[in-house]
Structure formats: structure tokens, C-alpha cells
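Read off the chains here:
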Amino acid sequence: MLESIKQTSEFLKLKTAIRPKIGIILGSGLGGLVDYLEDTDSFDYNVIPNFPVSTVSGHAGKLVFGTIQSVPVLAMKGRFHFYEGYDMKTVTYPVYVMKELGIEKIIVSNAAGGANPDFSPGDLMVITDHINNMGTNPLIGKNIDSLGPRFPDLSEAYSREWRELAKDVAKSMGISFREGVYLANTGPTYETGAEVRMARTLGADAVGMSTVPEVIVANYLGMKVLGISCITNMATGIATSKHSHSEVVAVAEMAGKKFCDWVAEIIKKS
Ligand code: HPA
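Throughout what follows, the structure given in this document is the object of discussion. All residue numbers refer to position in the chain's written sequence, counted from 1. Only residues with pLDDT of at least 70 get local features here, since the model is predicted, and only at 80 or more are side-chain atom pairs given and counted; chain-wide, interface and lining totals rely on the full set of residues. To get the side-chain values, all heavy atoms of the structure are used, and hydrogens and water are removed first.

1. Examining helix H3 (residues 93-100)
Then, in step 1: When accessible area is computed with a 1.4 Å probe and restricted to protein chains, residues below 20% of their type maximum are described as buried, those above 50% as exposed, and intermediate ones as partly exposed. Secondary structure elements are defined from DSSP: runs of H or I of at least 4 residues count as helices, runs of E of at least 2 residues count as strands, and each element is numbered from the N terminus. For H3, the tally of buried residues reaches six of eight residues, placing the bulk of the element in the interior.
Then, in step 2: Listed as buried for H3 are Tyr 93, Pro 94, Val 95, Tyr 96, Val 97 and Met 98.
Then, in step 3: Where the residues of H3 are buried, they touch helix H1 (2-15), strand S1 (22-26), strand S4 (71-77), helix H2 (88-91), strand S5 (105-114) and helix H6 (212-220).
Then, in step 4: Where H3 terminates, the next one or two residues include Gly 102, which has phi positive at roughly 100°. Two residues qualify as a contact provided that any one of their heavy atoms is within 4.5 Å of a heavy atom in the partner residue.

2. Some remarks on the packing of aromatic side chains
The description of two aromatic rings rests on the distance between their centres and on the angle between their planes.
Then, in step 1: Each pair of aromatic rings taken from Phe, Tyr and Trp, with Trp reduced to its six-membered ring, is defined by centres within 6.5 Å and is described as stacked if the planes are under 30 degrees apart, edge-to-face if over 60, and tilted in the remaining cases. Per the stated rule, a full pass over the model turns up eight aromatic pairs.
Then, in step 2: Their ring planes at 45° and their centres at 5.1 Å tell us that Tyr 45 and Phe 80 sit as a pair that is tilted. On the criterion of sequence distance, the pair formed by Tyr 45 in the loop between strand S2 (38-44) and strand S3 (62-68) and Phe 80 in the loop between S4 and H2 is long-range, its members being 35 residues apart. Taken individually, Tyr 45 and Phe 80 each receive the classification buried, so the pair is uniform in this respect.
Then, in step 3: Centre to centre, the rings of Phe 51 and Tyr 93 are 6.1 Å apart; their planes meet at 70°, and the pair counts as edge-to-face. Taken as a pair, Phe 51 in the loop between S2 and S3 and Tyr 93 in helix H3 lie far apart in primary sequence, 42 residues in all.
Then, in step 4: In this structure, Lys 105 packs its charged tip against the face of Trp 162, placed 4.9 Å from the ring centre. For a lysine, the NZ atom is tested; for an arginine, the CZ atom; a charge sits over a ring if that atom is within 6 Å of the ring centre and within 35 degrees of the ring normal.

In short, geometric facts, not functional conclusions.
Printed below as a string of C-alpha cells:
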């Protein structure tokens, strides 16, 4: 695995002169942030050695190097989901590559269902913490001690300092936001009403099918994490209508500009 990560990152370093400081994983419908990048070098996943290829519509699948407000960044448009059949090492592979490229901070975003009845579709939520309900963990297996500890601490899985900065930036821009706990299920089914009631009882404000694996690995590798969920629909039982992926993508795209303006400003101040 180490060899493979090095090979991927060597390829990218040869192909671009940009040395990103911040990595960004863009969730469904939030890929518009790449249009905010300047001086870009873009790579389709299928041309990057050892990189998996994404399969879901709404996830284009490219790595875009560029600058936002003069800060060098690397944006991942389209991620790898566990429900696509990838194993957890594959799902989190890009995070290892980001670390190898010298990235120490990562912004992770997603589309999520609102489990907190106070929320509304289109809300943006700063993730304060997560619940791993995926039934597995990306760090299961022999530990590579040179990468991180066997038993990583997750007491500040989402950097407190970075969350405070994100909130200050939102307030100064007049952007409204929520805060809450994200619970990840494997998907690909949306939750049953009973599962959403369980999630709420467990303390979740939003439910989704991603993010938790990447955040676990980022913490393992010693990276600072900021997580933002776009609430694209109210979760089952709170929602009055049935869910569809097209609705999820459409709402995320509508909230996209607010998301992108906010994230761009956060990057400038980080
Ligand atoms: N549940 C799980 N994942 C999701 C949802 C949801 O309601 N909306 C967007 N992603």
C-alpha cells in the first residue's frame, strides 16, 4: 500500500507544479467549488495510477489542483463510497495520497438527510462529531506504524479551532449555518423511519453514507479536519415525500453557491 501511495503521489507531483496545502472532498452536487479554482491542473481518476474510478452519477471523478484566494488546494470532485463495493482502504485511498502530497488539512463535505426536525433542506451544517454506524472501520488490518498509531484518538475528529473559524467566517458573511452530529450508514438504501428514530436517539442530527471513513483516516494521519454537510432532504419519517438521488443532487446544487462562497473564504482565512 505504501508503494502504491508513493507512486500515485509521484505521478501527480510530476504532472503539476501546484503543492496543495488544503485538500477538499466534494460531496454530491457540491462539485461546483472546482469552478472557484484558478490556475488549475485537472486529472480524471482513470488517468491516475492506482486510483479507483467512481460510479455514481453526480460524481464526475476528477482531482483538481489549483488556487483559491492564492491558497494552493487540491479538490476531489467525486468520492469513493463503501456502497459502491469498494473496500474501506480504497474508499480512503485519496486521503493517504493527500497526506503524501504534503496536505495537513482537509475539508470534507457531503449531502445528508436531516434527522434533526429543526433543520430544513438547503441548510449547511458544520459537523461537530460523527457516529460510525457503518459496521466497520477503515483502519482494520495490520497497522503501518510509519503512517499513524494503532489506536488513534478521535476526541477532536473535527478540529475545534477550524470549526470556530468556519462559524466566524459564516457570521461575517451573513451565511446561516447549523451545527450537529453526522451519522454514517453504509447505504445504498436510504434509512427506514425506525432507523432515523434510532439515529436521533443516538444523538445524530444528520444521516449519510460517506465522510466517516475519510475523516477517520485523516485523523489517523494527523490531519486537521473540517466537515460540512449540505442537508438535501429531511430524513425518512421527518420527510413527507420519498427520497431520490436526483432530488439530493438538485438541492445540493441549489445550496452550492452559499457552500462555495463560504468554503472559499474559510480557505483564505485558514
Ligand atoms: N440518508 C442518507 N444519505 C443521504 C440522505 C439521506 O436521507 N440524503 C442525502 N444523503
